[in-house]
Amino acid sequence: MTSSHTDCHFCLQSLRGRKYALRDENAYCVPCYDSLYANPCEECKQPIECSSKDLAYKGRHWHEGCFRCAKCSRSLVEKPFAAKDEVLLCTECYSDEYSSKCFHCQKTIMPGSRKMEFKGSSWHESCFVCQYCQQPLGTKPLITKDNENYCVPCFEKQFAHHCYACKKVITSGGVAYHDQPWHKECFVCAVCKTQLSGQRFISKDEYPYCVDCFSKFHAKKCAACKKPIAALGGAKYISFEERQWHGECFSCAKCSVSLVGREFLTRQDDILCHKCGSA
């Protein structure tokens, strides 16, 4: 610009009719200003004169024509760019060299765009969605199955087991009974409600019973002693004409000899050995 100041603050030459630059309210002729204050260009190392546009980034300076991608040499003026190890790159070159690929679509995740990290892989935010409802997962709890991600409600709807007793989702553990899943705390005796997980139990009419309750309410009664005959497989009993006996109770009503494996006779409700029955 032309000056109303009379002399250059540094060389003291007249500024009348000459261009000058101001710094701290002092006027300098262009040569003095450039030699004193012009920033060196990062690319060509020459001073950026006051007549040139000075582009600055993180304390470094470039001529407008030198502000270019270090790989493809395209101008970065008024364009998005990225820096890697103090080298400036256009977004395309940076993406080719350094950007992550989306695990879902395999396309580059461009610098400046939001990406999601999950199990060591990167995702576009728009690709990181529930496989079933297609809603963004963001930072919500999720469950992975067969390399696909699901929000918790959709996973439970599609894949989770529901307890046969309470119908609620079984999130961990559980017991299988009659090909049906049960919560451990729901798998109880049908009578006394004692938890049966890890315990011996007996099944009747699709319901589980602890041994004591089954013996009390459902076990066969010995025709001799009237006590229940335990039904856990190992208990041996004798059956005859819809009546049952403990093995040790199956004896002659008269002489008390054991009739297990021997011939016997019946008289009314009694069983007798062949000798007592023939007398």
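Model, not experiment: these values are computed from the prediction. (Residues numbered from 1 in each chain as written. Predicted model: local features only at pLDDT ≥ 70, side-chain atom pairs only at ≥ 80, totals over all residues. Heavy atoms only, no water.)

Concerning the packing of aromatic side chains
Two measures describe an aromatic ring pair: the distance that separates the ring centres and the angle between the ring planes.
Right, on to step 1. In this structure the tally under the stated criterion is 19 aromatic pairs.
Right, on to step 2. Ring geometry for Phe 103 against Trp 123: centres 5.0 Å apart, planes inclined by 45 degrees, an arrangement best described as tilted. With Phe 103 in the loop between α2 (91–98) and β7 (115–118) and Trp 123 in strand β8 (residues 121–124), the pair connects residues that are 20 residues apart, well separated along the chain.
Right, on to step 3. Trp 123 gets classed as buried once you look at its relative accessible area, which sits at 6%.
Right, on to step 4. Judged by centre distance (5.2 Å) and plane angle (40 degrees), the ring pair of Tyr 164 and Trp 182 falls under tilted. Of this pair, Tyr 164 sits in the loop between α3 (152–158) and β11 (175–177) while Trp 182 sits in strand β12 (residues 180–182), and the two are 18 residues apart along the sequence.
Right, on to step 5. Given the relative accessible area of 34%, Tyr 164 is considered partly exposed.
Right, on to step 6. Residue class for Trp 182 comes out buried when judged on its relative accessible area of 7%.
Right, on to step 7. Ring-pair connections join several aromatic residues into one group, and the members of that group are Tyr 164, Tyr 177, Trp 182, Phe 187 and Phe 201. (Phe/Tyr/Trp six-rings, centres within 6.5 Å; stacked < 30°, edge-to-face > 60°. Helix = DSSP H or I, 4+ residues; strand = E, 2+ residues; numbered from the N terminus. Buried < 20%, exposed > 50% of the residue type's maximum accessible area, 1.4 Å probe, protein only.)

Some thoughts on unusual backbone geometry
Right, on to step 1. Phi at Asp 24 takes a positive value of approximately 55 degrees, unusual for a residue other than glycine.
Right, on to step 2. Within the secondary structure, Asp 24 sits in the loop between β1 (20–23) and β2 (26–29).
Right, on to step 3. The class of Asp 24 is exposed, set by a relative accessible area of 67%.
Right, on to step 4. With a phi close to 65 degrees, Gln 134 is a non-glycine residue in the positive phi region.

Notes on α2
Right, on to step 1. Restricting attention to buried positions, one finds in α2 the residues Thr 91, Cys 93, Tyr 94 and Ser 95.
Right, on to step 2. At its buried positions, α2 is contacted by β5 (81–84) and β6 (87–90). (Contact = heavy atoms within 4.5 Å.)

Points about the pattern of salt bridges
A side chain with one charge may pair with a side chain of the opposite charge, provided their charged atoms come close.
Right, on to step 1. Following the criterion strictly, the structure yields 5 salt bridges and no others.
Right, on to step 2. Between Arg 68 and Glu 43 there is a salt bridge, with its nearest N and O atoms 3.8 Å apart. Residue Arg 68 is located in the loop between β4 (60–63) and β5, and its partner Glu 43 is located in the loop between α1 (30–37) and β3 (54–57); the two are separated by 25 residues in the primary sequence.
Right, on to step 3. Here Arg 68 falls in the partly exposed class, since its relative accessible area comes to 36%. (Salt bridge = Lys/Arg side-chain N within 4 Å of Asp/Glu carboxyl O.)

Remarks on the confidence of the model for the chain
Right, on to step 1. With 95% of its residues at a pLDDT of at least 70, the chain reaches an overall mean of 83.
Right, on to step 2. Least confident of the elements in the chain is strand β16 (residues 228–229), whose mean pLDDT is 74; most confident is β4, at 94. (pLDDT = per-residue confidence, 0-100.)

Focus on the pairing of β2
Right, on to step 1. Both β1 and β2 contribute to a ladder of 4 bridges, which runs antiparallel. Paired with Ala 21 across the bridge in β2 is Tyr 28.
Right, on to step 2. Once β1 ends, the chain turns through 2 residues before running back antiparallel as β2, passing Asp 24 with a positive phi of about 55 degrees. (Pairing = 2+ DSSP bridges.)

Side note on the domain arrangement of the chain
Right, on to step 1. Along its sequence, the chain is organised into domain 1 (160–217) and domain 2 (220–278).
Right, on to step 2. The gap between the C-alpha centroids of domain 1 and domain 2 is 35 Å. (Domains from an automatic or database assignment.)

Topic: the side chain of Ser 122
Right, on to step 1. Residue position: Ser 122 is located in strand β8.
Right, on to step 2. The class for Ser 122 is buried, based on a relative accessible area of 9%.
Right, on to step 3. One polar contact links Ser 122 to Glu 117, side chain to side chain, over a distance of 3.0 Å. (Polar contact = N/O pair within 3.5 Å; in protein donor to acceptor, adjacent residues only side chain to side chain.)

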